[in-house]
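Summary of structural features
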Amino acid sequence: MADHESSKINHDNHLLLDQPLLRLPYELLRKNFRSAHFTFEKESTSVKNLLKETATGSLNGKTAPEDVVKNLDTMLAKMRGMKRKLAAYAEEESHLYRQVDARVAHLRELCDMHTVEDVKYEAWSRQRLDRLVVDYLLRHGYNDSATSLAKERQIDDLVDIDTFVAMSKIRRSLENGSVTEALAWCSENKKELRRMHSNLEFMLRCQQYIEMMRTGSQPKMVEAIAHAKKYIIQFRDTYPLEVGQMGGLLAYRPDTELEPYASWYSTDRWPKLADIFVEAHNKLLGLPSFPLLHIALSSGLSALKTPACHSSQSTIGSSQPTRSNQHSVATSSLTTSVCPICSTELNELARNVPYAHHSKSHVEHDLLLLPNGRVYGKARLEEYAAKAGLPPGQCKDLVTGQVYPFDQLKKVFIT
Amino acid sequence: MTANDMGINALQKELAELSKMARLSAAVDNVDRIIEQLSAAREQVAQALDPHTASLTLTKLQNPTKVAFEKVNDNLKEASSAQKKFGKALNEHFPLKSLPADHDAMADHPALINRAIAMHLLREGQFSVASTFIDEAQDTPPHHALYHQLESEDTPSVELDEAMDEDDMDADARTSITASTTDNNDLSSLQSQELQTKFAEMYSILQDLKARNLFSAIEWARSNSAELEARGSNLEFELSKLQYVWLFKGPAVNRLPDDEHNGRFGALTYARQHFGRFQARHLREIEKLASAMVFAPNLGESPYNLVFATDSAFTDVAASFTREFCSLLGLSAESPLYIAVTAGALALPKLMKYNMAKRAKGTEWTTANELAFETPLPESMVYHSIFVCPVAKEQTTESNPPMMIPCGHVLGRETIQKLCKGTRFKCPYCPSEGQLKDARQIIL
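Residues numbered from 1 in each chain as written. Chains lettered and ligands numbered in written order. Predicted model: local features only at pLDDT ≥ 70, side-chain atom pairs only at ≥ 80, totals over all residues. Heavy atoms only, no water.

Attention now moves to the domain arrangement of chain B. Interface size is commonly expressed as the accessible area that is lost once the parts come together. Residue and element names in this part refer to chain B. Entries for chain B in the domain assignment read domain 1 (3-93), domain 2 (110-183), domain 3 (194-328) and domain 4 (384-441). Of the roughly 790 Å² buried where domain 2 meets domain 3, counting both sides, 69% is carbon and sulfur surface. Inspection of the region where domain 2 meets domain 3 yields three residue pairs in polar contact (both at pLDDT 80 or more). The leading source of residues in the side of domain 2 that touches domain 3 is helix 4 (residues 110-123), at three residues. Counted by class, the side of domain 2 that touches domain 3 contains four nonpolar, two polar and two charged residues. (Domains from an automatic or database assignment. Buried area = accessible area lost by both parts, 1.4 Å probe. Polar contact = N/O pair within 3.5 Å; in protein donor to acceptor, adjacent residues only side chain to side chain. Helix = DSSP H or I, 4+ residues; strand = E, 2+ residues; numbered from the N terminus. Nonpolar A, V, L, I, M, F, W, Y, C, P; charged D, E, K, R; others polar.)

So, on to the pattern of salt bridges. The tally for this structure, following the rule as stated, stands at 30 salt bridges over all chains. In this structure, B:Arg424 and B:Glu433 form a salt bridge, with 3.4 Å as the shortest nitrogen-oxygen distance. Linked by salt bridges that have partners in common, A:Glu122, A:Arg126, A:Asp130, A:Arg153, B:Glu124 and B:Glu334 make up one network. (Salt bridge = Lys/Arg side-chain N within 4 Å of Asp/Glu carboxyl O.)

Before going further, it helps to examine helix 13 (residues 292-304) of chain A. All names here are of chain A. Between its terminal C-alpha atoms helix 13 stretches 18 Å, which fits the 18 Å expected from 13 residues at 1.5 Å a residue. The element helix 13 is largely enclosed, with a buried count of 12 among its 13 residues. Of the residues making up helix 13, those classed as buried are Leu292, Leu293, His294, Ile295, Ala296, Leu297, Ser299, Gly300, Leu301, Ser302, Ala303 and Leu304. (Expected span 1.5 Å × (residues − 1). Buried < 20%, exposed > 50% of the residue type's maximum accessible area, 1.4 Å probe, protein only.)

With that settled, the discussion passes to unusual backbone geometry. All names here are of chain A. Here the bond from Glu259 into Pro260 is cis, since omega is 0°, no more than 30 degrees from zero. Within the secondary structure layout, Pro260 lies in the loop between helix 10 (240-249) and helix 11 (261-265). The backbone of Gln154 shows a phi angle near 55°, a positive value even though the residue is not glycine. Considering the arrangement of structural elements, one finds Gln154 in the loop between helix 4 (143-153) and helix 5 (161-175).

Here the focus is the UniProt feature "domain: CTLH" (unreviewed entry) in chain B. The feature "domain: CTLH" (unreviewed entry), as annotated in UniProt, sits at residues 198-255 of chain B in this numbering. The annotated region residues 198-255 of chain B carries 79% helix and 0% strand content, and the separation between its end C-alpha atoms amounts to 30 Å. (UniProt positions renumbered as here; feature names shortened; annotations may be inferred.)

A word on the confidence of the model for chain B. Atomic detail in the predicted coordinates should be set aside for any region of low pLDDT. Residues and elements named next belong to chain B. Put simply, chain B has an average pLDDT of 81, and 86% of its residues get 70 or more. Least confident of the elements in chain B is helix 6 (residues 156-171), whose mean pLDDT is 36; most confident is helix 9 (residues 215-223), at 93. When the criterion is pLDDT under 50, residues 1-5 qualifies, and its contacts beyond four places in sequence or with other chains add up to 12 contacts. The low-confidence segment residues 144-185, where pLDDT is below 50, has 75 contacts with residues more than four positions distant or belonging to other chains. Among the scores for the predicted complex, ipTM is 0.85 and pTM is 0.83. (pLDDT = per-residue confidence, 0-100. Contact = heavy atoms within 4.5 Å.)

This part covers the sheet that holds strand 2 (residues 402-404) of chain B. Backbone-to-backbone hydrogen bonds join strands into a sheet, with any given pair of strands oriented parallel or antiparallel. Residue and element names in this part refer to chain B. Pairing is antiparallel across the open sheet formed by three strands, whose spatial order is 3-2-6. Each edge of the open sheet carries a strand with a single partner, namely strand 3 (410-412) and strand 6 (440-441). Taken together, the three bridges between strand 2 and strand 3 define a ladder with antiparallel strand orientation. Bridging from a neighbouring strand, Met404 pairs with Val410 of strand 3. (Pairing = 2+ DSSP bridges.)

Here it is, written out as structure tokens:
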């Protein structure tokens, strides 16, 4: 079903896929401000206190002028450090606002377009595709590809390379068996993680404990117990089962086959931790849990797919490169091009998605049936006959190339 | 103007307002002021080095630093309030709407998506990005578990392989660029080098066409003339015709050397050499082109004016060249990834509406093969004929194909079988009757 109505752009709902475009910089602005505020609070309190102490000390003669100079030097050093940090946060803030402006301007362009036939819409939609591809590449850790595509297309302000590169660094370190980077990230985002009830930090602490236990050496195991007291016991109300299992782990060696201890010792824990981290990271920043490209594709593949796209006759991918196949490639050709779902790129991917629902037939006008069972619109048959230079009164099958006299064709009525 | 139309506009306006508010950089300036105060005090104390000056300086320092710290604090407050306003504006003018989150049908096929992206980059002529991507993706193949339930980790690829095995019987080598899909790492089976060579050829020919040079395109069309003819394409003749017209216009227009190969004489020579092979099919047009010679002095006012307008002819011919070139590779002319993502954005609101209704009613998908709701797409995105049986209201498929009954009406096969009383049935749309054996399957 295709009519004029369907090519109109519905501004209310056309930007579903583009929400993270503005949500992410907003979350990053907030995060950036929190860090700036924290730095300021911490350093200013300490400077203020030192200043007060020094003043009092100097007034009642307890602090010598030399020490006053020393203290002032300390304060100056702290303030310079604060300035450096705040300047970096300010830089980040203006970078984020710049991004926001660029993104709003990009979304704003769409407001001036009213149908998808608008010439500007294609350029806009291509840019959206580039954005979605970059998002997909980044989420898979294909950072170089993402960076170079963004550079080629000049869409740096419309994609979130820094955020995802930082994420993939932490993810990779987890996959390689290191919790340090992930723990640092946890402490940066402690409050927010607690608010969303994330188990990430607990899981990381458990893993540290497991790794110490794995060594089997006496001192390490003592250290493990101390570690558990410090970092794990506090979670006993939230995760009673797991905390109990950590205790139980003391009794089992890494080569045990007994569950749940075998799973705790398993090296599969690492990729799982990486997944837990990615999930927490995306949730914290309000990012969808899977690539936006997936959402666009599963919706788009279905909307475009017809039962014909994977039928045994017309699938391009499944027939021999014979001459006759060259014809079948051209199934709907002559004037149109190959269907994107039938095209090699997407055919396999679309195999398992449902096809579009139609309640009305959508066929050419004046259909005629050829003696071989194939049906074409009269206009197309005439055009093809003319192009093929056939004598008047004859027509040629667009797919098989068979030639028939026009008077052997029958009218087909589609109700 | 719709609400959201207003929305982004309004958001842009509010952002412009917000940019006037203080940002963190203001705080940095005030921190500088504190540093100045501190270092001035330090200099005074260090120079005098006596307790009285020290305590006096410090006492005098207390108030200004306090004020300066408060200023920094105010700056931070303002920066934070600007952000809050931005957040509020965002919620108001670009309210958060839900996206599909429960089910990711694409998560099981990262290798296929990678392949689609690689081919997309190649066909777009992004050769260096494509090669970076192919290297990266081969170094770190995507893992299935990344974005979905960890438990289903080991199952998906198995069914996929089975599903593909049937096709593989005859799929082995359609053209060398079509990757065999049973391979787990689909990128390695993608003959990217060959695809790149092909698309490099396409772009070099398009470059020539842009520079008004038709030779490489004509040469390509000639070496593929059999396939083009089978497709019902006149590309070779269209290109040759344009070459004739281009020469006809002479050096003043085409800026080619003014010699016997150019101008009307050059065009005539060209026609004699090359038009012979098109005579059978395009005699009338060739006659037209030749008779235009007579009107050469004032072609603009002759009946041949239209044939000789080259302004859009080069762009048109470039577009049909791209289409034919891709078709001969078994690929669509537009990037399928582009079409699919655009269609996806257009159809997504319907999907979300359906999901919401489904959740409200607590019902599930009724059919696995077909979407449960309509997703209308613009005309330009409809590629196949669609036949919906007017009785069953279902699309016909391979197992339930469209059948034409003797009166010319078309029904789904299952419908005819249901209508049948014995071997006869009556057409639901006209008074005529038919026999089951007279109904014949048609290919739309």
